[in-house]
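The residues making up each chain are set out below.
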2 protein chains.
Amino acid sequence: METRVTLLDGGAMEQDGMLMFWMAGPSGPYRFPVYSVLIEHAEGRFLFDSGVDKALFTRLVAGGTQTDDANVPGALGIFQSERQTLPGQLDLLGLAPRDITYVMNSHYHLDHVGGNALCCCATTLCHQAELDAINHPHPIEAFGYSDNRFLCPQSPIDGRATDIYTPRFEALCGDVEVAKGLTLLETPGHTPGHYSLLVRLARRRPMLFTGDACYSKRNLDIMAIPGPHVDPKQAYGSLERLKQLADLHDAELFYSHDRESWPSYVKAPGSYV
Amino acid sequence: METRVTLLDGGAMEQDGMLMFWMAGPSGPYRFPVYSVLIEHAEGRFLFDSGVDKALFTRLVAGGTQTDDANVPGALGIFQSERQTLPGQLDLLGLAPRDITYVMNSHYHLDHVGGNALCCCATTLCHQAELDAINHPHPIEAFGYSDNRFLCPQSPIDGRATDIYTPRFEALCGDVEVAKGLTLLETPGHTPGHYSLLVRLARRRPMLFTGDACYSKRNLDIMAIPGPHVDPKQAYGSLERLKQLADLHDAELFYSHDRESWPSYVKAPGSYV
């Protein structure tokens, strides 16, 4: 079968512009899209990221208002209809979360894992460093990793958290071709175990999903890393790597939270082949 | 002689509130004081930081307006009278920059080194890591380190930059008591070689000058690191260290850029003994 890529609209969120473009801004509320990527492939249905859980998010940021806790980014907001949840989007394709074979996440921040726990039949693939980070978050990372419902608090085997919803949980390191034409590429800095995803298709240029290594085209244009990060120099290096990868593979970049590019992306039920 | 500490008003600057309090904000223009500290000591006149050069700064940020270069922090501004320059402040005490024996800098960002080059008879003390950083800045550090006029581009001896204005230039590592009761304490993260300064006095509690390891009391209250940083986890650790040091030495904290605390500080020609 032919590999098919479908973008699943997850609604929008809002944070301060200084957190979109570190040091550069401009400041003030900045609304950005959230989405997941379904890759229907000969080896199964792969989901790259799974959106945000609106109810949990709203509870965490106390109704979307700013708090005086430095671990909660300022001016957060969420905008999501029922149709923009993971089940709502899969339904457009006649699918449900249980039909997902593999869940992959760029990283484990709460706006990328909201639907993980719903994918009850999937194997979860992730970077070992990301698993370590969500299991033992530093205070500066704690808010980002506050949706950890898809992890088991303790594995009976070695005390390390693992996924209780799936038959298999595979932790990866380095760049990995997880299936033919589907490659996870290390782009750390925003988080320690961040992956971007390269997808080769039969009838178009490869698609390179940046994840939060690069929120938008403007981040790359002015070389502004995301405001939230664990290692700013590493994050800068990942911006450089994305440029190099796009050149090397003649790939089209798809940014994670780009309000300017988003309108031009094809969304479910449309797809890329 | 009795050690005497005098705070030299260096005027004010403005940057976005998201850069004062990383992740927390609130965003919008935030005006903060800039100052230097003169310590008159039996072993000489020590200067901790030397303010900002208004002319250079204004040129760098193109008149204080925001640029589209991610290396230039958003919404920068400067407010400084002639009286608020280093010579203007020292003049209040009947002194001039040539009377300074030692220049120490918390770090080499441009709002802390503006008067260094004027101290033509001083020995400069600094952390080796800070010297390395200003000599070979990463792109994300380049703007901060753009006042490097007090360094010689190349030393004829080992190719490493050194201070051409002073007879001696001493690079330090670790915590160092540079003179009796005067101790530089490592607080990295904002920059790689950041030092805070503890001063013991005869007739009051020790003074702990945080430098930019902690801009203000609110940063410590909500544990918000400065927006500009090279290592956020290290910067968080330095906030914790400052709390511990204040407890250990029963020291009073003096923050580098605290618009709330600043009015209560005694300034030149007044002093602390």
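Remember, predicted model here, so these are calculated numbers, not experimental data. (Residues numbered from 1 in each chain as written. Chains lettered and ligands numbered in written order. Predicted model: local features only at pLDDT ≥ 70, side-chain atom pairs only at ≥ 80, totals over all residues.)

### As for the overall build of chain A
Step number 1: When its secondary structure is counted, chain A shows 6 helices and 12 strands.
Step number 2: Put simply, of all contacts in chain A between residues at least 6 apart along the chain, 65% involve residues at least 24 apart. (Helix = DSSP H or I, 4+ residues; strand = E, 2+ residues; numbered from the N terminus. Contact = placed C-beta atoms within 7 Å.)

### Some points on the sheet that holds strand β4 (residues 77-79) of chain A
Residues and elements named next belong to chain A.
Step number 1: Spatial strand order, β4-β1-β2-β3-β5-β6-β7: 7 strands in an open sheet with mixed pairing. Two strands in the sheet have a free side with no partner beyond their single neighbour: β4 and β7 (169-172). Strand-to-strand twist across the sheet, computed as the mean angle between neighbouring axes with direction ignored, equals 20°.
Step number 2: Relative to the sheet, helix α4 (residues 128-135) contacts β6 (123-127) and β7, its axis offset from that of β6 by approximately 90°. (Pairing = 2+ DSSP bridges. Axes fitted to C-alpha atoms, helices over the stretch in contact; angles between N-to-C directions.)

### Side note on unusual backbone geometry
Step number 1: A cis amide bond, omega 10°, links A268 of chain A with the succeeding residue P269 of chain A.
Step number 2: Relative to the helices and strands, P269 of chain A resides in the segment after β12 (252-254).
Step number 3: The backbone of D250 of chain B shows a phi angle near 45°, a positive value even though the residue is not glycine.
Step number 4: Mapped onto the elements of the fold, D250 of chain B is located in the loop between α6 (232-249) and β12 (252-254).

### Looking at the pairing of strand β10 (residues 195-199) of chain A
All names here are of chain A.
Step number 1: Taken across its 5 residues, β10 has 5 buried, putting it largely inside the fold.
Step number 2: Of the two faces of β10, the one lined by Y195, L197 and V199 and the one lined by S196 and L198 are each fully buried.
Step number 3: Of the pairings in the sheet, the one linking strand β9 (residues 182-186) to β10 comprises 5 bridges and is antiparallel in character. Along β10, the bridge assignment pairs E186 with Y195.
Step number 4: For β10 and strand β11 (residues 207-209), the ladder comprises 3 bridges, and the chain directions are antiparallel. Directly across from V199, in β11, lies its bridge partner M207. (Buried ≥ 20, exposed ≤ 12 C-beta atoms within 10 Å, placed from the backbone.)

### A word on the environment of S81 of chain B
Step number 1: As for its position among the elements, S81 of chain B is in the loop between β4 (77-79) and α3 (86-91).
Step number 2: Put simply, S81 of chain B and G11 of chain B are 70 residues apart on the chain and 6.9 Å apart in space, counted from C-alpha to C-alpha.

### Concerning the sheet that holds β4 of chain B
All names here are of chain B.
Step number 1: Read across the sheet, 7 strands follow the order β4-β1-β2-β3-β5-β6-β7 without closing on themselves; strand pairing throughout is mixed. The open sheet has two edge strands, β4 and β7 (169-172), and neither has a second partner. Pairwise comparison of adjacent strand axes, ignoring direction, gives a mean angle of 20° for this sheet.
Step number 2: Strands in contact with helix α4 (residues 128-135) are β6 (123-127) and β7; relative to β6, the strand with the most contacts, it is inclined by about 90°.

### A few points about the confidence of the model for chain A
Interpretation of this model should avoid reading the predicted coordinates in detail wherever pLDDT is low.
All names here are of chain A.
Step number 1: The pLDDT averaged across chain A works out to 91; a share of 89% of its residues lies at or above 70.
Step number 2: Scored below 50 in pLDDT, residues 63-67 makes 10 contacts in the model with residues more than four places away or belonging to other chains.
Step number 3: Long-range and interchain partners of residues 153-160, a stretch whose pLDDT sits below 50, account for 7 contacts in this model, where long-range means more than four residues apart.
Step number 4: If you check the scores for this complex, the pTM reads 0.92 and the ipTM reads 0.91. (pLDDT = per-residue confidence, 0-100.)

### Notes on helix α6 (residues 232-249) of chain A
Residue and element names in this part refer to chain A.
Step number 1: In a regular helix each residue adds 1.5 Å, so 18 residues correspond to 26 Å; α6 covers 26 Å between its end C-alpha atoms and thus fits that length.
Step number 2: For α6, the full list of buried residues reads P232, A235, Y236, S238, L239, L242 and L245.
Step number 3: Elements in contact with the buried residues of α6: β9, β10, β11, α5 (217-221) and β12.
Step number 4: Just past α6, the residue D250 takes up positive phi, approximately 50°. (Expected span 1.5 Å × (residues − 1).)

### Let's talk about the environment of E177 of chain B
Step number 1: Among the secondary structure elements, E177 of chain B is positioned in strand β8 (residues 176-179).
Step number 2: Owing to 12 C-beta atoms within 10 Å, E177 of chain B belongs among the exposed residues under this scheme.

### Considering the nonpolar core
Step number 1: Counting 141 residues, the largest nonpolar core has M104 of chain A together with M104 of chain B as the members making the most contacts within it.
Step number 2: Once residues lying within four places of it in the same chain are set aside, the contact partners of M104 of chain A are F46, L47, F48, L125, V178, L184 and L197 of chain A. (Core = buried A, V, L, I, M, F, W, Y, C linked by C-beta atoms within 7 Å.)

### With respect to the pairing of strand β3 (residues 44-48) of chain B
Residue and element names in this part refer to chain B.
Step number 1: β3 sits mainly inside the fold: 4 of its 5 residues count as buried.
Step number 2: Sheet topology note: the strand β2 (residues 29-41)/β3 ladder contains 5 bridges and is antiparallel. Each residue of the ladder has a partner; that of E40, found in β3, is R45.
Step number 3: Where β2 hands over to β3, the hairpin turn is made up of 2 residues, counted between the paired strands.
Step number 4: Looking at chain direction, β3 and strand β5 (residues 102-104) are connected through 3 bridges and run parallel. Counterpart to L47 in the pairing with β5 is V103.

### Some details on the environment of V199 of chain A
Residues and elements named next belong to chain A.
Step number 1: With respect to the helices, strands and loops of the structure, V199 is situated in strand β10.
Step number 2: Sequence separation between V199 and E177 is 22 residues, and the spatial gap between their C-alpha atoms is 9.8 Å.
Step number 3: Those residues within four positions of V199 in sequence are excluded, and the remaining contacts are V5, I39, G181, L182, P206 and M207.

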